[in-house]
Each structure stands twice: as C-alpha cells, then as structure tokens.
Amino acid sequence: THSNIKRDISKEIHTMITLHHLENSQSFHILWLLEELGYEYDLKSYKRQDDKTAPPEYAELSPLGTSPTIKDGDIVLCESNAIIDYLLDQAPPSSKLRPSPQSPIRTNYLF
C-alpha cells in the first residue's frame, strides 16, 4: 500500500521555503506545520514598528502587511489557510494532518 512508501518530502517542495515571520502574528501556526511535516525552511523575522504595523521591507512581500507569508521559488502566499493547504498538498499521503478528499470526516475538517 501507499502508506508504507517513505517519500523524501523535502525534495517535493520546489525550493527552500522562506517563512517571513512578523512578531505577534499567526505565523507561529505555519512554523509549527513546517516542523511537523519535517520540511526544511528558512525563517526571516521582522519586528513591528512603533505603531504596530509591519516594517516597509515586509510590506514589499505582503502589501497589506499581513502575516504569515511564505515564499517558495516564485510563489508567494500571504494567507494562513492558503499556506496550510499549499504545504499539506505536498505532504505524503500517509500524513494524518488532513483527511483525504474521500474521507467521511473531510467535511468536518473543512468546517
């Protein structure tokens, strides 16, 4: 069965993922997921400005200044759910982090 096949998931991602982490943000969820999946990644941290907004160099990646943001090659994603789906789409089929589309509990997962 496919669940017995071990895959090198680090080679399935196009390039080294960079997680752009803005302090006091939702990017900790993505950091956890990257660790849980065993993906290699580069972490780039940004401090908020005195007015609590993202610094200008972060806004170049995410025009709204939202976090998290990942960059994988030419792909830049700036929304947690999109990033989670992107990363899980590349996980091995044996991953228990998301039910398969055929699973009877998939609807509960989506809700």
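Up top you'll find the structure we're talking about.
Rules behind the numbers
- Residues numbered from 1 in each chain as written.
- Predicted model: local features only at pLDDT ≥ 70, side-chain atom pairs only at ≥ 80, totals over all residues.
- Heavy atoms only, no water.
- Buried < 20%, exposed > 50% of the residue type's maximum accessible area, 1.4 Å probe, protein only.
- Helix = DSSP H or I, 4+ residues; strand = E, 2+ residues; numbered from the N terminus.
- Right-handed = clockwise from strand over helix to strand, strands pointing away.
- Pairing = 2+ DSSP bridges.
- Phe/Tyr/Trp six-rings, centres within 6.5 Å; stacked < 30°, edge-to-face > 60°.
- Salt bridge = Lys/Arg side-chain N within 4 Å of Asp/Glu carboxyl O.
- Axes fitted to C-alpha atoms, helices over the stretch in contact; angles between N-to-C directions.
- Contact = heavy atoms within 4.5 Å.

Participant: Can you walk me through the pairing of strand β1 (residues 17–22) in this structure?
Facilitator: Taken residue by residue, a regular strand's side chains alternate between the two faces of the sheet. Judged by how many residues are buried, β1 sits mostly within the fold: six of six residues are covered. Because side chains alternate across β1, one face comprises the buried residues Ile17, Leu19 and His21, and the other comprises Thr18, His20 and Leu22, equally buried. You can see the chain leave β1, run along helix α1 (residues 27–37) and come back into strand β2 (residues 41–46), and the turn it takes is right-handed. Where β1 lies against strand β3 (residues 69–72), three bridges are found, and the strand directions are antiparallel. By the bridge assignment, His20 is partnered in β3 with Thr69.

Participant: Looking at this structure, how should I read the packing of aromatic side chains?
Facilitator: Two numbers describe a pair of aromatic rings. These are the distance of the centres and the angle of the planes. Counted according to the given criterion, the structure contains one aromatic pair. Measuring from centroid to centroid gives 4.9 Å for Tyr46 and Tyr58, while their planes differ by 80°, and the two rings are edge-to-face. In this pair, Tyr46 sits in strand β2 while Tyr58 sits in helix α2 (residues 56–59), placing the two residues twelve residues apart along the sequence. No difference in accessibility class separates Tyr46 from Tyr58, as the two residues are buried.

Participant: What is the right way to read the pairing of β3 from this model?
Facilitator: Direction of pairing for β3 relative to strand β4 (residues 75–77): antiparallel, over a ladder of three bridges. The partner of Asp72 across the bridge, within β4, is Ile75. Where β3 hands over to β4, the hairpin turn is made up of two residues, of which Gly73 adopts a positive phi near 65°.

Participant: I tried to follow the pattern of salt bridges on my own but got confused; where do I start?
Facilitator: Note on pairing: side chains with opposite charge can pair once their charged atoms come close. The tally for this structure, following the rule as stated, stands at three salt bridges. Here Asp85 ties to Arg98 by a salt bridge, and the two come within 3.4 Å at their closest N and O atoms. Here Arg98 lies in the loop between α3 (80–89) and α4 (106–110) and Asp85 lies in helix α3, a separation of 13 residues in the sequence. Since its relative accessible area comes to 35%, Asp85 is described here as partly exposed. Using a relative accessible area of 17% as the deciding quantity, one classes Arg98 as buried. Residue Arg98 is joined to Asp89 by a salt bridge in which the shortest nitrogen-to-oxygen separation is 2.8 Å. Given a relative accessible area of 56%, Asp89 falls into the exposed group. Each of the salt bridges in this network shares a partner with another, and the network as a whole consists of Asp85, Asp89 and Arg98.

Participant: Looking at this model, I keep getting lost on the sheet that holds β1. Mind explaining?
Facilitator: Backbone-to-backbone hydrogen bonds pair the strands of a sheet. The strands run either parallel or antiparallel. The sheet built from four strands is open, its strands ordered β2-β1-β3-β4 with mixed pairing. The sheet terminates laterally at β2 and β4, the two strands that pair on one side only. Across this sheet, the average inter-strand angle for adjacent strands is 15°, counted without regard to direction. Along the sheet face, α1 touches β1, β2 and β3 and points at about 150° away from the line of β1.

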